[in-house]
Each structure stands twice: as C-alpha cells, then as structure tokens.
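Residues per chain, in single letters:
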Amino acid sequence: MVEIHAIEWDAEREAVSLIMSGEPTEAESRLINELMVEFAAFLGREMESAGEYVRELIDKNGGIH
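What comes next is a walk through the structure. (Residues numbered from 1 in each chain as written. Predicted model: local features only at pLDDT ≥ 70, side-chain atom pairs only at ≥ 80, totals over all residues. Heavy atoms only, no water.)

A closer look at the environment of Leu18
Line of reasoning, step 1. Along the chain, Leu18 turns up in strand β2 (residues 15-22).
Line of reasoning, step 2. Sequence-wise, Leu18 and Glu8 are 10 residues apart; in three dimensions their C-alpha atoms are separated by 6.5 Å. (Helix = DSSP H or I, 4+ residues; strand = E, 2+ residues; numbered from the N terminus.)

Focus: the pairing of β2
Line of reasoning, step 1. The pairing of strand β1 (residues 2-10) with β2 spans 8 bridges and is classified as antiparallel. Bridged to Ala6 within β2 is Ile19.
Line of reasoning, step 2. Between β1 and β2, which pair antiparallel and follow one another directly, the connecting turn spans 4 residues, one of which, Glu14, has a positive phi of 55 degrees. (Pairing = 2+ DSSP bridges.)

Notes on the nonpolar core
Line of reasoning, step 1. Counting 5 residues, the largest nonpolar core is built from Val2, Val16, Ile32, Met36 and Leu43.
Line of reasoning, step 2. Considering each element in turn, this core owes the most residues, 3 residues, to helix α1 (residues 26-60).
Line of reasoning, step 3. Beyond its immediate stretch of four places on either side in the chain, Met36 contacts Val16, Ser17 and Leu18. (Core = buried A, V, L, I, M, F, W, Y, C linked by side-chain atoms within 4.5 Å. Buried < 20%, exposed > 50% of the residue type's maximum accessible area, 1.4 Å probe, protein only. Contact = heavy atoms within 4.5 Å.)

Shown next, in the form of structure tokens:
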C-alpha cells in the first residue's frame, strides 16, 4: 500500500514529482500513472491560460517597450 503525501512540479527536472511512502500495489500503480497524466494535463491547461492572460495584458497596454 502506498500513501501519497504531495504532488509538485520539479522545476529542475521539469517534471511532475510525487512524494510518497510505501510500495504501491499494481492497482495503485495504474491509478498513480493516471493521476500523473491528469495532473500534467491540468498544468498544461493552466500554463496556456496564464500565457493567454499575459498576452492580453501586453496587448491591452500597447506592447512591451
């Protein structure tokens, strides 16, 4: 059985990182893999949204000078 303590972005490796204890069962391993894929997709959507927001602010303020 595994216990997940945290999910975070590892900026040095540019990857999602899990902090956990215990050894996952096969079912838990599949669930963890699905969780990681969904978390990475979420981060991608959020970063894209943030990029759009910044571009809108730059355009609204006449660009960067």
